[in-house]
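Here is what each chain is made of, one letter per residue.
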Amino acid sequence: MTRSSRRGSRRLAAVTLAITASMFLASCADNGSSGGGETVESGSALKIGMVNEQADPGTPTKGGTLTFSGYSAVTTLDPAKGQIAGAAGGSELGAIYDSLMRYDPIEKKFVPQLAESLEPSVDSKTWTLKLRPGTTFSDGTPFDSKAVTDSITRYVTNKGPQSSLWAAKVASMDAPDATTVVFNLVDPWTGVESMLATGPGMIVAPTAQKGETFTPIGAGAFTLEKFAPNEELVLAARPDYYGGAPNVDKLKLISIVGAQPTAEALKTGGVDVAYMRTLTPILDLIENGNPGFVDIPSLGYIANVNMAPGRPGSDLRVRQAMALAIDPDTLNTRVNNGKGLPGQEIFQDTSRWHNDVAPIGVDPAKAKDLLAQAKADGYDGKITYLAVQESAAQATALGVQAMLNAVGFDTQIEYVNGVADITKRVYIDRDFDISAGALSVSEADPFERLYTGLKTGGRNNATGYSDAQMDVLLDQLGVATNNEDKKAVLAKIQERATETVPWLVWGNVPTLDVWNKNVHGLKQSIDGIMLFDEVWKS
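Structural notes, computed from the coordinates. (Residues numbered from 1 in each chain as written. Predicted model: local features only at pLDDT ≥ 70, side-chain atom pairs only at ≥ 80, totals over all residues. Heavy atoms only, no water.)

Pairing within the open sheet is mixed, and its six strands lie in the order β17-β21-β16-β20-β18-β19. Each edge of the open sheet is held by one strand with a lone partner, namely β17 (341–342) and β19 (410–416). (Pairing = 2+ DSSP bridges. Helix = DSSP H or I, 4+ residues; strand = E, 2+ residues; numbered from the N terminus.)

With that out of the way, let us pick up the packing of aromatic side chains. Applying the stated rule across the entire model yields ten aromatic pairs. Judged by centre distance (5.6 Å) and plane angle (90 degrees), the ring pair of Trp166 and Phe183 falls under edge-to-face. With Trp166 in helix α5 (residues 163–169) and Phe183 in strand β8 (residues 180–185), the pair connects residues that are 17 residues apart, well separated along the chain. The same class applies to Trp166 as to Phe183, namely buried. Positioned over the ring face of Tyr71 is Arg277, at 5.5 Å from the centre of the ring. (Phe/Tyr/Trp six-rings, centres within 6.5 Å; stacked < 30°, edge-to-face > 60°. Buried < 20%, exposed > 50% of the residue type's maximum accessible area, 1.4 Å probe, protein only. Lys NZ or Arg CZ within 6 Å of the ring centre and 35° of its normal.)

Now for the layout of surface pockets. Size it by volume and the second largest pocket reaches roughly 290 Å³. Lining the second largest pocket are 19 residues; nearest its centre among them are Thr190, Glu193, Thr481, Asn483 and Lys486. Elements with a minimum of two residues in the lining of the second largest pocket: β4 (109–112), β5 (115–120) and α16 (483–500). Partitioning the lining of the second largest pocket into residue classes produces seven nonpolar, six polar and six charged. (1 Å grid on protein atoms, 1.4 Å probe; cavity = no way out; pocket = protein on both sides within 12 Å on 5 of 7 lines; lining within 4 Å. Points joined across faces, edges and corners; volume = space filled by probe spheres on them. Nonpolar A, V, L, I, M, F, W, Y, C, P; charged D, E, K, R; others polar.)

Looking now at empty space enclosed by the protein. Taken as a whole and judged by the stated rule, the model has ten cavities of 30 Å³ or more. By volume, the largest cavity is sized at about 160 Å³. Along the walls of the largest cavity sit 16 residues, with Ala323, Gln344, Ile360, Trp503 and Val505 positioned nearest its centre. Secondary-structure elements contributing two or more residues to the lining of the largest cavity are α9 (316–325), α16 and β21 (503–508). Considering each element in turn, the lining of the largest cavity owes the most residues, four residues, to β21. For the lining of the largest cavity, a count of residues per class yields 13 nonpolar, three polar and no charged. Of the volumes computed, that of the second largest cavity is approximately 110 Å³. Forming the boundary of the second largest cavity are Gln83, Ile84, Gln162, Ser194, Thr198, Val441, Ser442, Asp445, Glu448, Arg449, Ile526 and Asp527. Per-class residue counts for the lining of the second largest cavity are three nonpolar, five polar and four charged.

Right, let's talk about unusual backbone geometry for a bit. In the Ramachandran plot, Asn52 falls in the positive-phi region, its phi being about 50 degrees despite a non-glycine side chain. Following the sequence through the fold, Asn52 ends up in the loop between β1 (49–51) and β2 (65–69). With a phi angle near 60 degrees, Asp527 is a residue other than glycine that sits in the positive phi range. Residue placement: Asp527 occurs in the loop between β24 (523–524) and β25 (530–531). Since its relative accessible area comes to 17%, Asp527 is described here as buried.

Time to look at the pattern of salt bridges. What the rule picks out here adds up to 21 salt bridges. Here Asp150 makes a salt bridge to Lys146, at a shortest N to O gap of 2.6 Å. Note that Asp150 and Lys146 are positioned in helix α4 (residues 145–157) at a spacing of four residues, about one turn of the helix. Overall, Asp150 belongs to the partly exposed group, its relative accessible area being 37%. A salt bridge links Glu232 to Lys226; its shortest N-O distance comes to 2.7 Å. Among the charged side chains, a salt-bridge network with shared partners connects Arg311, Glu414, Arg425, Asp431 and Asp433. (Salt bridge = Lys/Arg side-chain N within 4 Å of Asp/Glu carboxyl O.)

As far as function goes, none of this settles anything; it's purely spatial.
What follows is the structure in structure tokens.
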């Protein structure tokens, strides 16, 4: 792959950017309104890991249909056309394509899934992928090294959401034999592992694309039986799957609108498995005894601040004043009845990337002084907060307005109908002062989303944030190859963020992969993705 082609791959189409942005914003659209219910356990007690663990269920039972309710309806079955994550079709597409690698969140490491192994060179600039001999796509086509390199090239050419970073980091791919792929990198990089567990690692068959027509043909455990976009996806088990025929005969993949109705459907048996990211139903299902896996992505509850020239946020003093004025604990009380995960840190103490660097803190008196300085230089104090017309978002907006006005801002709230409207205003039009948002930084690999969200000119840098020192730190994070070095750089990133205020950070939003007690054999992966190849119902 040439350097010019890498530059071309960075020019993502606006539609791809919008797909990615909507996933990042989604967690704030319903980010934890408590809706009452004082008897459940405090959200602050939540930790990353299994809840209500099941005893050994014995020998798997064969047959039946498993029904899964995702966070949002699936609109495409092409891995190159959408962001692959638990909130956005990752589990559904994983059933069709599988993934070369899987992130094991319990062991906190990447493990082979469809691949046999993935090994780095000593300097982590060359990664060698070995494929399982004899594996085939569902149409019988060999799952070989050429199919892998062709699929990844297609992903980059089609400007899939992660393609720009891949193109910037991977200089070339070699296929020395049918079961070996060698990735030659520009710099040392461990992100190959996470990439091969998500979109680029969901390999489409050579026969999938014929002209403009795309057919979802993969090497996963299930094949397409029915697809009604925005309604349901029905998949049938593959008897010739490399790991053996799945235990269930079919998967029915739907999306119930609203977290509480989804939780009720789980309780009544209307669905067997669900992905949740709204606090009160999560706490309710845990109290109900439902087994599941809690994840807590970082930077899940933030506000983006527009730093374009002429906007209030272009003045660092204004950003600092806003950060110092808004108390996350107060927001948590107003929005979540005190049950949320408030904080100003990039990585809270639930994260393995947590450090002891102090965030900016809450200091209304200092906020008033900074704002007064900005006003003395001509700023009129006016600012607009953009929010979704939804109860939790409204509660946040009113809390933000009250705390900003208390230190001297003149804050107006502008409501829009939904996440798509905020996405357009923030990521496409860049027409906003402050807006609800989320970066949802993965525990598996924090680099990708920090890089694309903070780097000068980054693909999801909607705020216009640009800081030469931060750019250097992000580059250092990208080439760090062990956890100790990554943590050291992340601590420096927190220090610089405290000084330069790239966002207003208010806390995190937990997610829950959750299932009923008669469901067994689910596997977790990166970003809340679930794999169904071994699932069964007793």
